[in-house]
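The chain contents come next:
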Amino acid sequence: MQPIYLDYAASAPLDRRVADAMGNAAQLTGNPSSIHAFGRAAREAIDLSRTRVARLFGAEAGSVTFTSGATEANALAVAGAWHAIRRACPQGALRILVSPFEHASAWETVQRLSKDEGAIVDVLPVGRDGVIRAEDVVAALTPETVIVSVMWANNVIGTLQPIAEIGRAVAVERGKRGVGGLPIVFHADAVQAVATQEVLPFAVGVDLLTFSGHKICGPKGVGALIRRVGVAVEPVIVGGGQEAGLRHGTENVAAIVGLGAAAEILAAERVSERQRFSEMRAAFMKALRACAPRAEIVGDPERSVPTTVFVRLPSRGGDHLMLTLDVAGIAVSAGSACDAGSRRGSRTLAAMFDGQRAMHGGVRVSFGRFTTFSELEECAKAIGKR
Ligand code: PMP
């Protein structure tokens, strides 16, 4: 049997069309900051990508800052916004409101701001369905809250969060403060949402949005921050002034071109792909019910991206199930890849369940553009045999 790859949420395969675009861009000699013809050619390639990425998010090209991935984009969004606000408001307590299951890159940045810079961190509750409630956000907002960070779709179980409602709550709080009041910015990590959802940050009150190339069949090691114009962010690293002074360092031209190509393809194909993915998920869940009746789906499929299904087996812990599927040639994740190997387990499951149930875990089956119905059926059968 050919190996079956069902770990798109960790990293999706590179689309051949993207690889072709990157191959050409990798031949560009000039430094995009150089003003001669070679430099200008590289700059033009970056500018085209910026326009393509901006279009995917209903944004202006000037809102897009390319980074080395979503880890860096999250650090830039959260630490960058914090530093800008702290500089403008040097006195008084400032608070950050965050979901308990943010990706480590946002979560650990918040923890560091707490430890080193006195940020007070408020953590939102989450229900057993894996969804944050907008009412809880409203209740947790204080006059000192300056950053709210909630991911668009969860990276472990795929649940979609009520981003528009949270955006409205943040806008109401901003309105109460009035002109000249303490700023408040809403950051949403959309890494796991972009492949299947329409993500228009500025239409739903998101000020800072982050995403990554390798979750949309683009290259690894590139991503972007989409920033509402006027939202102040300080750079995390300093240097030669690239990316309008927000992300210094010579641009990874080939990767940025790849990101632009991936964004362009996604914009054209997402609606039809999404329909197919919903049908594939339905077929997978039907096969699971038939082959593995004791398997339980964690999270609410109605409120999740169609491409992530978190499966729990009472008889097998997540790590064990993942390893046995690996031996059978099927690649899935136990919890989230970012938690693998860190003895801490998944913060998402810990926030949703009591200790033992969370520790038991399950497997995340995630798929996308190149997955076939029969691969998902094979996976359901293999889970049924465990
Ligand atoms: N946020 C989420 C929700 C993710 O799933 C990931 C990737 N595991 C990241 C951020 C980090 O992205 P990158 O791999 O581009 O650093």
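Residues numbered from 1 in each chain as written. Predicted model: local features only at pLDDT ≥ 70, side-chain atom pairs only at ≥ 80, totals over all residues. Heavy atoms only, no water.

## So, empty space enclosed by the protein
- Within this structure, the stated rule accounts for three cavities of 30 Å³ or more.
- In this model, the largest cavity occupies a volume close to 200 Å³.
- If you trace the largest cavity, you find 20 residues lining it, with Tyr 8, Ala 195, Lys 215, Thr 307 and Phe 367 closest to the centre.
- Per element, the largest residue contribution to the lining of the largest cavity is three residues, and it comes from helix H7 (residues 253-291).
- In terms of residue class, the lining of the largest cavity is built from 11 nonpolar, six polar and three charged.
- In this structure, the lining of the largest cavity is formed jointly by two domains, domain 1 (4-12 + 270-384) and domain 2 (16-265), each of which donates at least three residues. (1 Å grid on protein atoms, 1.4 Å probe; cavity = no way out; pocket = protein on both sides within 12 Å on 5 of 7 lines; lining within 4 Å. Points joined across faces, edges and corners; volume = space filled by probe spheres on them. Helix = DSSP H or I, 4+ residues; strand = E, 2+ residues; numbered from the N terminus. Nonpolar A, V, L, I, M, F, W, Y, C, P; charged D, E, K, R; others polar. Domains from an automatic or database assignment.)

## Describing the packing of helix H3 (residues 70-88) against helix H4 (residues 104-117)
- Closest axis-to-axis distance for the H3/H4 pair is 8 Å, and the angle between their directions is 35°. As H3 packs across H4, the resulting crossing turns out to be right-handed. Across from Ala 70, Thr 71, Asn 74, Ala 75, Val 78, Ala 79, Trp 82 and His 83 in H3, the residues of H4 making contact are Ser 105, Ala 106, Thr 109, Val 110, Leu 113 and Glu 117.
- For the contact of H3 with H4, a count of residues per class yields eight nonpolar, five polar and one charged. (Axes fitted to C-alpha atoms, helices over the stretch in contact; angles between N-to-C directions. Left-handed = near helix turned anticlockwise from the far one by under 90°. Contact = heavy atoms within 4.5 Å.)

## Some details on helix H2 (residues 37-56)
- For H2, built from 20 residues, the straight-helix expectation of 28 Å at 1.5 Å per residue is met to within 8% by its first-to-last C-alpha distance of 29 Å.
- By the burial criterion, the buried members of H2 are Gly 39, Ala 42, Ala 45, Ile 46, Ser 49, Arg 50, Val 53, Ala 54 and Leu 56.
- The secondary structure elements touched by the buried residues of H2 are strand S2 (64-67), strand S7 (208-212), strand S8 (223-227) and H7.
- Two residues or fewer past H2, Gly 58 is found with a positive phi of approximately 60°. (Expected span 1.5 Å × (residues − 1). Buried < 20%, exposed > 50% of the residue type's maximum accessible area, 1.4 Å probe, protein only.)

## A look at the packing of aromatic side chains
- For the structure on display, the rule yields three aromatic pairs.
- Taking 4.8 Å as the distance between ring centres and 55° as the angle between the ring planes, the aromatic pair formed by Phe 57 and Phe 211 counts as tilted. Residue Phe 57 is found in the loop between H2 and S2, and its partner Phe 211 is found in strand S7; the two are separated by 154 residues along the sequence.
- Residue classification places Phe 57 among the buried positions, given a relative accessible area of 1%.
- According to the relative accessible area criterion, Phe 211 is buried, its value standing at 0%.
- Relative to Phe 367, the ring of Phe 277 lies with its centre 6.0 Å away and its plane at 85°, an arrangement referred to as edge-to-face. (Phe/Tyr/Trp six-rings, centres within 6.5 Å; stacked < 30°, edge-to-face > 60°.)

## Details of the pairing of S2
- Of the two faces of S2, the one carrying Val 64 and Phe 66 and the one carrying Thr 65 and Thr 67 are both buried.
- Relative to S8, S2 is paired through four bridges, and the arrangement is antiparallel. Bridge assignment links Val 64 to a residue of S8, and that residue is Ile 226. (Pairing = 2+ DSSP bridges.)

## Overview of the site of the ligand
- Among the 14 residues in the neighbourhood of the ligand, the closest are listed as Thr 71, Asp 189, Gln 192, Ser 212 and Lys 215.
- Residue Asp 189 places a side-chain N or O atom 2.6 Å away from a nitrogen atom belonging to the ligand.
- One of the side-chain N or O atoms of Ser 212 is found 2.6 Å from an oxygen atom in the ligand.
- Against a free-state accessible area of 390 Å², the protein chains account for coverage of 88% of the ligand.
- Considering each element in turn, the shell around the ligand owes the most residues, three residues, to H3.
- Of the residues contributing to the shell around the ligand, the split by class is four nonpolar, eight polar and two charged. (Near = heavy atom within 4 Å. Polar contact = N/O pair within 3.5 Å; in protein donor to acceptor, adjacent residues only side chain to side chain. Areas by Shrake-Rupley, 256 points an atom, 1.4 Å probe, with all protein chains shown as cover.)

## Focus: the pattern of salt bridges
- Following the criterion strictly, the structure yields 24 salt bridges and no others.
- With a closest N to O distance of 3.2 Å, Arg 43 and Glu 251 form a salt bridge. Taken together, the residues Arg 43 in helix H2 and Glu 251 in the loop between S8 and H7 connect sequence positions 208 residues apart.
- Among the residues examined, Arg 43 registers a relative accessible area of 24% and is labelled partly exposed. (Salt bridge = Lys/Arg side-chain N within 4 Å of Asp/Glu carboxyl O.)

## A short note on the domain arrangement of the protein
- As far as domains go, the protein holds domain 1 (4-12 + 270-384) and domain 2 (16-265).
- One C-alpha centre belongs to domain 1, the other to domain 2, and the line joining them spans 27 Å.
- Each partner contributes to the interface: domain 1 provides 34 residues, whereas domain 2 provides 39 residues.
- Counting each side, the surface lost to burial between domain 1 and domain 2 is near 2,900 Å², with a carbon and sulfur contribution of 50%.
- At the junction of domain 1 and domain 2, the tally comes to zero salt bridges.
- Seen at the junction of domain 1 and domain 2, the total is 16 residue pairs in polar contact (both at pLDDT 80 or more).
- Those elements that provide at least two residues to the side of domain 1 that touches domain 2 are H7, strand S10 (308-312) and helix H9 (347-352).
- For the side of domain 1 that touches domain 2, the element with the most residues is H9, which contributes five residues.
- When its residues are assigned to classes, the side of domain 1 that touches domain 2 shows 15 nonpolar, nine polar and 10 charged. (Buried area = accessible area lost by both parts, 1.4 Å probe.)

## Observations concerning the sheet that holds strand S13 (residues 363-366)
- With antiparallel pairing, four strands are arranged side by side in an open sheet as S9-S10-S13-S12. Unpaired on one side and paired on the other, strand S9 (296-298) and strand S12 (333-334) mark the two borders of the sheet.
- Relative to S13, S12 runs antiparallel, the two being bridged by two bridges. Following the sheet pairing, Ser 333 is matched in S13 by Arg 364.
- Here H7 sits on the sheet and contacts S9, S10 and S13; the angle it forms with S10, its principal contact strand, is near 15°.

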